[in-house]
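Survey of secondary and tertiary structure
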Amino acid sequence: MSSPVSDTGSFSIFSVDVEDGLNILMKDFFDIQILPTERVIRNVNCILDLCSAYDAKATFFILGEVAQTYPELVRTIAAGGHEIAVHGYNHDQIFRLSPAQFKNNLLRAKSLIEGITGEKVRGFRAPAFSIDLSTAWALEIISELGFEYDSSIMPSKTGRYGWPGFNRDIVRLNLKNGNSLIEVPLSVIDILGKSIPACGGGYLRYLPYNFTRKAFMAIQKDRPVVVYLHPYELDTKKYPYFFYEARSSVSIRKKLPLMLYRFNKGSVKPKLQHLLEEFRFKPIMDIVSEIEKRGSMNTRYR
């Protein structure tokens with residue numbers, strides 16, 4: 001396919017939330033703690049291979065527990081010229097943590113990842129996009145720990161997350177603690193008067209590629225698109241026996257989302273290939289730096 005934006009010089013953002021789906025499922029659904037499995041290595045390597053094939057650079061938001069278990073994976077990502085950022089330590093949603101707990105967990109992950117790469121980490125994304133109006137206090141903590149940007153806010157209301165009405169453009173937030181922090185919101189589109197998340201995650205998996213492509217082109221007229229993906233969304237390999245053993249013990253109500261969790265994963269890799277072939281991508285800090293050089297970043301007081 002030829003790129004519809006190749007003549008404009010436009011770049012958008014490709015971001016990856018590096019977590020192990022099996023590890024998170026066992027914790028969140030069954031309260032069983034296991035270390036991140038090697039599936040995360042295989043799935044991340046698949047994404048890295050695709051990025052290399054299409055000359056795309058991405059931002060990888062890495063969980064601290066993944067970095068601690070597989071430090072060489074972090075080095076491999078960095079060696080590919082991608083940006084390394086933080087996704088928290090163990091995927092605890094912010095509304096489940098006190099400010100002190102959040103600060104300690106975030107500092108732990110940041111220090112660990114910076115120790116592995118030897119480079120300063122500039123960006124953070126909250127697990128499950130769990131910064132909204134009720135957890136906005138987290139933005140001040142993120143700034144206090146030396147992060148330059150956050151990319152956690154979905155400017156739309158969904159059943160699990162979202163901050164409806166938040167600015168859709170990349171914006172600098174002047175915070176109450178006197179610090180500032182750049183916010184890189186996730187991409188949304190308007191359908192029938194409602195803001196709908198688009199171009200990433202389950203939306204990429206469940207919806208046809210043509211929908212994603214049209215959404216991408218519509219968003220890119222006004223701002224860079226923020227594509228996000230989890231490595232487990234490319235994972236079509238059957239889970240180990242202990243997952244099915246645990247699943248057999250829960251109610252039908254709980255089994256249904258576990259089944260949907262694996263639905264249509266075989267479509268993700270071809271869709272991602274199409275995106276990487278049609279559009280051009282840079283890491284978040286590259287896009288942020290270009291906006292700042294142009295002097296076109298708006299400021300919002302928070």
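Residues numbered from 1 in each chain as written. Predicted model: local features only at pLDDT ≥ 70, side-chain atom pairs only at ≥ 80, totals over all residues. Heavy atoms only, no water.

Thoughts on unusual backbone geometry
The test is simple: Put simply, DSSP H or I for four residues or longer makes a helix, DSSP E for two residues or longer makes a strand, and each gets a number counted from the N terminus. Burial status follows relative accessibility: with a 1.4 Å probe on protein chains alone, a residue under 20% of its type maximum counts as buried, one over 50% as exposed, and anything between as partly exposed.
With phi around 55°, D31 is a residue other than glycine that occupies positive phi space. In this fold, D31 is placed in the loop between α1 (21–30) and α2 (39–53). Phi is positive for L192, which is not a glycine, with a value near 55°. Mapped onto the secondary structure, L192 falls in the loop between β8 (188–191) and β9 (194–197). On the basis of relative accessibility, which here comes to 85%, the residue L192 falls in the exposed class.

Some words on helix α11 (residues 268–278)
Going by this rule: Should any heavy atoms of two residues lie within 4.5 Å, those residues are counted as being in contact.
Within α11, burial applies to V268, K271, L272, L275, L276 and E278. Next to the buried residues of α11 lie β1 (12–18), α2, α7 (201–206), α8 (209–220), β10 (226–229) and β11 (281–282).

Digging into the pattern of salt bridges
Put simply, the rule is: Criterion for a salt bridge: a side-chain nitrogen of Lys or Arg within 4 Å of a carboxyl oxygen of Asp or Glu.
Taken as a whole and assessed by the stated rule, the structure comprises 14 salt bridges. In this structure, the salt-bridge partner of D92 is K27, at a minimum N-O distance of 3.5 Å. Taken together, the residues span a long stretch of sequence, with D92 in the loop between β3 (83–86) and α5 (99–117) and K27 in helix α1 at a distance of 65 residues. According to the relative accessible area criterion, D92 is partly exposed, its value standing at 25%. With a shortest N-O distance of 2.7 Å, R39 and D235 are connected by a salt bridge. Remark: D235 occurs in the loop between β10 and α9 (241–247) and R39 occurs in helix α2; sequence separation between them is 196 residues. The two residues R39 and D235 agree in class, both being buried. Each of R39, R42 and D235 takes part in one network of salt bridges that share partners.

What to know about the layout of surface pockets
Note the threshold: Residues are said to line a cavity or pocket when one of their atoms sits within 4 Å of a point; the points come from a 1 Å grid over protein atoms alone, cavities being sets where a 1.4 Å probe fits but cannot get out and pockets being open sets with protein on both sides within 12 Å along at least five of seven lines. Grid points are joined across faces, edges and corners, and a volume is the space filled by probe spheres set on the points. Residue polarity follows a fixed list, in which Ala, Val, Leu, Ile, Met, Phe, Trp, Tyr, Cys and Pro are nonpolar, Asp, Glu, Lys and Arg are charged, and the others, Gly among them, are polar.
One number sums up the size of the largest pocket: a volume of about 950 Å³. Forming the walls of the largest pocket are 33 residues, and the residues nearest its centre are A128, R160, Y161, Y232 and Y261. Counting residues per element, the ones that place at least two in the lining of the largest pocket are α1, α7 and α10 (252–260). Counted by class, the lining of the largest pocket contains 15 nonpolar, eight polar and 10 charged residues.

Examining the packing of aromatic side chains
This is how the line gets drawn: Centres within 6.5 Å make a pair out of two Phe, Tyr or Trp rings, where for Trp the six-membered ring is used; the pair is then stacked when the planes are under 30 degrees apart, edge-to-face when over 60, and tilted otherwise. Here, a charge over a ring is recorded when the distance from Lys NZ or Arg CZ to the ring centre is within 6 Å and its angle to the ring normal is within 35 degrees.
This model, assessed by the stated rule, comprises 16 aromatic pairs. Ring centres 6.5 Å apart and planes at 85° place the aromatic pair F61 and Y149 in the edge-to-face group. Within this pair, whereas F61 is found in strand β2 (residues 59–62), its partner Y149 is found in strand β5 (residues 149–150), the two being separated by 88 residues in sequence. Accessibility expressed as a relative area gives 0% for F61, which makes it buried. Grouped by ring-pair contacts, the aromatic residues F29, F30, Y239, F243 and Y244 constitute a single cluster. Positioned above the aromatic ring of Y89, the side-chain terminus of R108 is 3.8 Å from the ring centre. It is R300 that lies over the ring of F166; its NZ or CZ is 4.6 Å from the centre.

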